[in-house]
Amino acid sequence: MRVAFHTDQLWFSAPGGIATYVRELTAALASLPDAPELVTFQVGAGDGSADVSVPGSIRSLYPRWALTGRPALPASLASCDVVHATNHAAIPPAPRETALVATVHDLAVDAFPEAFPASWRWLYRAGVRAAAHRADLIVVPSQATADDLEDRHGVDPSRMRVTPLASSLPTTPLDVDEVLARLGIARPYVLCPATLEPRKNQVRLIRAYRQVAPDVPHALVLAGPDGWGVDLITDEIDRAGGGAIVRTGWLSAHDLDAVYRGADAVAYVSLYEGFGLPVLEAMQRGVAVLGSITPAVSETAGDAALLVEPTDVAAIAEGLARVLTDGALRGELVVNGTARASGFSWQATARATLDAYRDAVTPTTT
């Protein structure tokens, strides 16, 4: 099987989670004993790593693909068995005899449209609509995202395949205390690893933390780059209140691994996710997780995290207090979380994706 595999995201200035998906899935697919032949492609010059460069520019091609399904892909791609659109902002056309598989990572643009620039907001919506109408199969990272696609875009569940993700954050030999000292973090602490933006819910987390701070010795560490709406979070940090809040900014993968390993707990009470990767990253390192009851996070966490209503500051505060003061509960979460994380791997993601390719090429009939 030959698969035209879209890799534009790898050279974007802000590659994000989609680039991680593309990079990890490419390697995992290639490692399968029955690996498909991947013919990678990028629009324009890209970074030179792709097998095929598609003439044109992203600014022009992405919207034309979404709205008209044109222009056609070069013959070297159109002759493949499958075209895999790995980023739902870009749904390239596939000839009638070629199966189109599209990955829709989440519907954050519908849930939080204000978090996207107007041009990208339009493009993501157009891309999802194109995938909903044209793709032979849509792969999603969670059942929650599949449910969103069915509810919001009317996609039949039979046209979707859930292919859960896995952690790609490396476990390093870095000395935790040396990293914490360099970053100005003192133990004990609870960690929130996320971009600072409203969707990640740090304002409510800070308010909840300040309610419990008088009763625990823990600092709150906010580890992530500034995102849209960061001023709201900065203003909340600057308000008078108890406890200690440390803001690290962007961290390298190695530093983030060490900061995870030094934490007593991870608080990830995001308002919306397509999957919830930090939950797995924490569990993989034996760290107890306080998560949100939002569908994708609770689906990823299973029964291995303490889940709370993310819009309720009192509920978050109660959850924090329990995780930070109840050693038996924390130990139970660590044991369950470690077992839960072991069930996710990029090899499993690749196998499920290859199965989706085969289903798209040879659809089952009833």
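Here the structure is a predicted model, which means the values were calculated and not measured.

Rules and cut-offs
- Residues numbered from 1 in each chain as written.
- Predicted model: local features only at pLDDT ≥ 70, side-chain atom pairs only at ≥ 80, totals over all residues.
- Heavy atoms only, no water.
- Buried < 20%, exposed > 50% of the residue type's maximum accessible area, 1.4 Å probe, protein only.
- Helix = DSSP H or I, 4+ residues; strand = E, 2+ residues; numbered from the N terminus.
- Pairing = 2+ DSSP bridges.
- Contact = heavy atoms within 4.5 Å.
- Salt bridge = Lys/Arg side-chain N within 4 Å of Asp/Glu carboxyl O.
- Axes fitted to C-alpha atoms, helices over the stretch in contact; angles between N-to-C directions.
- Parallel < 35°, antiparallel > 145°, perpendicular 65-115°, else oblique.
- Left-handed = near helix turned anticlockwise from the far one by under 90°.
- Nonpolar A, V, L, I, M, F, W, Y, C, P; charged D, E, K, R; others polar.
- 1 Å grid on protein atoms, 1.4 Å probe; cavity = no way out; pocket = protein on both sides within 12 Å on 5 of 7 lines; lining within 4 Å.
- Points joined across faces, edges and corners; volume = space filled by probe spheres on them.

Residues Val 82 and His 84 of strand 4 (residues 82–85) are buried on one face, and the alternating residues Val 83 and Ala 85, pointing to the opposite face, are buried as well. Taken together, the three bridges between strand 1 (residues 2–6) and strand 4 define a ladder with parallel strand orientation. Paired with Phe 5 across the strands is His 84, a residue of strand 4.

Let us now look at the environment of Arg 285. Within the secondary structure, Arg 285 sits in the loop between helix 11 (277–284) and strand 12 (288–292). Along the backbone, Arg 285 and Arg 261 are 24 residues apart, and their C-alpha atoms lie at a distance of 6.2 Å. Ignoring anything within four residues of it in the chain, the contact list for Arg 285 reads Ser 167, Leu 169, Pro 170, Thr 171, Asp 257, Tyr 260 and Arg 261.

Counted under the stated rule, the structure contains 16 salt bridges. For the salt bridge of Asp 255 with Arg 182, the shortest nitrogen-to-oxygen distance reads 2.9 Å. Placement of the pair is Asp 255 in helix 10 (residues 253–262) and Arg 182 in helix 7 (residues 176–183), with a sequence separation of 73 residues. Judged by its relative accessible area of 11%, Asp 255 is buried. Residue class for Arg 182 comes out exposed when judged on its relative accessible area of 54%. Lys 200 serves as the salt-bridge partner of Glu 273, at 2.6 Å between the closest nitrogen and oxygen. One end of the pair, Glu 273, is in the loop between strand 11 (265–268) and helix 11; the other, Lys 200, is in the loop between strand 8 (189–193) and helix 8 (202–212), and 73 residues separate them in sequence.

Attention now goes to the packing of helix 11 against helix 14 (residues 327–341). Contact geometry of helix 11 with helix 14 gives a least axis separation of 8 Å together with a crossing angle of 115°. With respect to helix 14, the element helix 11 is oriented roughly perpendicular. Viewed along their axes, helix 11 and helix 14 form a crossing whose handedness is left-handed. Across from Leu 280, Met 283 and Gln 284 in helix 11, the residues of helix 14 making contact are Gly 337, Thr 338, Arg 340 and Ala 341. Residue composition of the contact of helix 11 with helix 14, grouped by class: three nonpolar, three polar and one charged.

Moving on: empty space enclosed by the protein. One pass over the structure, following the stated rule, counts one cavity of 30 Å³ or more. The volume enclosed by the largest cavity comes to roughly 30 Å³. Around the largest cavity, the lining residues are His 6, Thr 7, Asp 8, Gln 9, Phe 12, Val 22, Tyr 62, Thr 86 and Asn 87.

Across the sheet, which stays open at both edges, the seven strands sit in the order 3-2-1-4-5-6-7 with parallel pairing between neighbours. Lying at the two open borders of the sheet, with one neighbouring strand each, are strand 3 (52–54) and strand 7 (160–162). Averaged over all pairs of adjacent strands, the angle between strand axes in this sheet comes to 25°, irrespective of strand direction. Two elements, strand 2 (residues 37–43) and strand 3, share three bridges in a ladder whose sense is parallel. By the bridge assignment, Val 43 is partnered in strand 3 with Val 54.

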